[in-house]
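# Reading the structure
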Amino acid sequence: MTFPRRLALRSLLTLTAAAFTGGALARIAVTPRGGAAVRASGGTFDEMYRGRRIQGRPAPAGGTEVLVDGRPLHVMRCADGGFLTPIDHYQTYPTPLAATRGAVDELGSAPLSRFAAAHGVHPGGSPRGVHA
Amino acid sequence: MAYTRKNQRDLTGAERKKFVAAVLELKRTGVYDRFVRTHIEHYTADGEGKLRVAHMAPSFLPWHRKFLLEFERELRRVDPTVSVPYWDWTRDNSPASSLWSDDFMGGNGRRSDLQVMTGPFAHAGGRWTINHAMTEGRFLTRDLGRPRDPITLPTQAQLEEVMRERTYDVAPWNSTSASGFRNRLEGWAAGQGNERFRIHNRVHRWVGGLMLGGASVNDPVFWLHHSFVDLVWSRWQQRNPGAAYLPAEPPPLGDAQYRKVVARHQPMTPWGVTPAEMFDHSAIYRYA
């Protein structure tokens, strides 16, 4: 990916999706921070699930960045050690991968919206600056 | 003078019609979707290291009390005779309940895509388009009873068990609090299968579709559900007149919940009211 092209990318959606292209996932998999513990917790994945491409990798600020068909899905950590998504607020899953599959189970056929990426971000509480 | 919130099963045909009309008017003017956004923006899970006001936190109950009051105030601007009815799901516990009839909430979602096809909130009627949700789907969805993994609504006995709690909330003030009225009513529990989903959480899961996620306010039954949750809190307050909101003071520096939860006299976003200010609703409304 060339620098000028990168400048042209405007939306969070596109930026996040771009970070997953090329060898990004492969590189992360061999770095120490993205090592065995993260993979074992289901934090790094790239697979087809029920017709959807689901991808996950450790986020720079901690936690896991997840995409469903290239669109960001906010996976949140819970005090019980599990993870939940804005698609299903009432079930925590043991890993980000399980939470993502659980979300796909409930999604139906519609693509994710921008709210799936920015949810839970009330004024003054944004860790990622995604709240427009 | 205080107004009354009634059991939805006791509403007359005219009262049902007026409630639906007021809700549709708020939707038409865009006011309704502001409430959808507010709920979406205030869902923070309890492992995220951020302030939680609306869920997985002691202020779950006062936050939703204020949220309902704000909605009800908008409804009553449209029609001063309307209030938010409540859905006693221990009693009206099946898809055959009149709650889901065509002149009120409308029915279940269809099998293929869970789209609600009947009633005033069916997308085809032209007055209920979903604008703020976690997917780009534009129609209301429901999956009553979750047939592929069936779940039942909470029973009277299960609710009574929660009512026997004597303390409002306990540390660590989140979804793992082992006792306390708030977490028992909110419905977080350990265990296997459907045992994990209790009381308030279980109702969201039983309705399914949009009610399952952050955009649950898109289903008008959200208000009737939370009106009943608020009634349960109100009855618990009457039974336990000495049981104040906890924590009384903010968790101190060094506590894992420092700046993560709202104490009795701290403001709740987005309104700035405190839990203490939401404790007594008797001057505004009462439950029939």
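Above this text you will find the structure in question.
Parameters and conventions
- Residues numbered from 1 in each chain as written.
- Chains lettered and ligands numbered in written order.
- Predicted model: local features only at pLDDT ≥ 70, side-chain atom pairs only at ≥ 80, totals over all residues.
- Heavy atoms only, no water.
- Contact = heavy atoms within 4.5 Å.
- Buried area = accessible area lost by both parts, 1.4 Å probe.
- Salt bridge = Lys/Arg side-chain N within 4 Å of Asp/Glu carboxyl O.
- Polar contact = N/O pair within 3.5 Å; in protein donor to acceptor, adjacent residues only side chain to side chain.
- Helix = DSSP H or I, 4+ residues; strand = E, 2+ residues; numbered from the N terminus.
- Nonpolar A, V, L, I, M, F, W, Y, C, P; charged D, E, K, R; others polar.
- Pairing = 2+ DSSP bridges.
- Core = buried A, V, L, I, M, F, W, Y, C linked by side-chain atoms within 4.5 Å.
- Buried < 20%, exposed > 50% of the residue type's maximum accessible area, 1.4 Å probe, protein only.
- Axes fitted to C-alpha atoms, helices over the stretch in contact; angles between N-to-C directions.
- Parallel < 35°, antiparallel > 145°, perpendicular 65-115°, else oblique.
- Left-handed = near helix turned anticlockwise from the far one by under 90°.

### Brief notes about the interface of chain B and chain A
In this assembly, 37 residues from chain B lie in contact with 33 residues from chain A. Of the roughly 3000 Å² buried between chain B and chain A, counting both surfaces, carbon and sulfur atoms make up 54%. Run the count over chain B and chain A and you get five salt bridges. When the shortest N-O distance is used, the salt bridge between Arg146(B) and Glu106(A) registers 2.8 Å. Summed over the shared surface of chain B and chain A, the number is 15 residue pairs in polar contact (both at pLDDT 80 or more). Residue assignment for the side of chain B that touches chain A shows that the elements contributing at least two residues are α2 (31–41) and α6 (199–207) of chain B. Looking at side-chain class alone, the side of chain B that touches chain A contains eleven nonpolar, 16 polar and ten charged residues.

### So, the pairing of strand β1 (residues 45–49) of chain A
All names here are of chain A. In this sheet, strand β2 (residues 52–58) lies alongside β1 in antiparallel orientation, the contact comprising five bridges. Pairing of Met-48 across the sheet is with Arg-53, part of β2. Between β1 and β2, which follow one another and run antiparallel, lie two residues, and Arg-50 among them has a positive phi close to 50°.

### Regarding the nonpolar core
Side chains that are nonpolar tend, in soluble globular proteins, to be buried together. Of all hydrophobic cores here, the largest spans 92 residues; its most connected members are Trp87(B) and Trp223(B). Element by element, the count of residues in this core is highest for helix α7 (residues 221–239) of chain B, at ten residues. Counting nine residues, the second-largest nonpolar core is a separate cluster that includes Met76(A), Cys78(A), Met56(B) and Leu212(B).

### A closer look at the pairing of strand β7 (residues 88–93) of chain A
Moving residue by residue along a regular strand, the side chains alternate between the two faces of the sheet. All names here are of chain A. The buried count for β7 comes to six of six residues, which makes it a mostly enclosed element. With two bridges connecting them, strand β6 (residues 83–85) and β7 associate as antiparallel partners. Counterpart to Phe-83 in the pairing with β7 is Tyr-93. Hairpin remark: β6 followed by β7, antiparallel, with two residues in the connecting loop.

### Here's the deal with the environment of Thr135(B)
When you line up the elements, Thr135(B) lands in the loop between α3 (60–78) and α4 (156–163). Residues Thr135(B) and Ala215(B), 80 residues apart in the sequence, show an inter-C-alpha distance of 9.6 Å. Setting aside chain neighbours within four positions, we find Thr135(B) in contact with Ile87(A), Leu107(A), Ala110(A), Pro111(A), Leu112(A) and Ser113(A). Here Gly137(B) takes part through its backbone nitrogen, which lies 3.0 Å from a polar atom of the side chain of Thr135(B).

### Some words on the sheet that holds β6(A)
Residues and elements named next belong to chain A. As summarised here, the arrangement of the three strands in space is β5-β6-β7, forming an open sheet in which the pairing is antiparallel. The sheet terminates laterally at β5 (76–77) and β7, the two strands that pair on one side only. Bridge count between β5 and β6: two bridges; the pairing is antiparallel. Following the sheet pairing, Met-76 is matched in β6 by Leu-84. Contacts from helix α5 (residues 96–107) reach β6 and β7 within the one sheet, and its direction differs from that of β6 by about 30°.

### As for the packing of α4(B) against α7(B)
Residues and elements named next belong to chain B. One way to put it is that α4 packs onto α7 with a least axis distance of 11 Å and a crossing angle of 45°. Overall, the two elements α4 and α7 adopt an arrangement that is oblique. By crossing handedness, the relation of α4 to α7 is classed as right-handed. Judged by residue contacts, Leu-159, Glu-160 and Met-163 of α4 engage Phe-228, Val-232, Arg-235, Trp-236 and Arg-239 from α7. Residues of the contact of α4 with α7, tallied by class, amount to five nonpolar, no polar and three charged.

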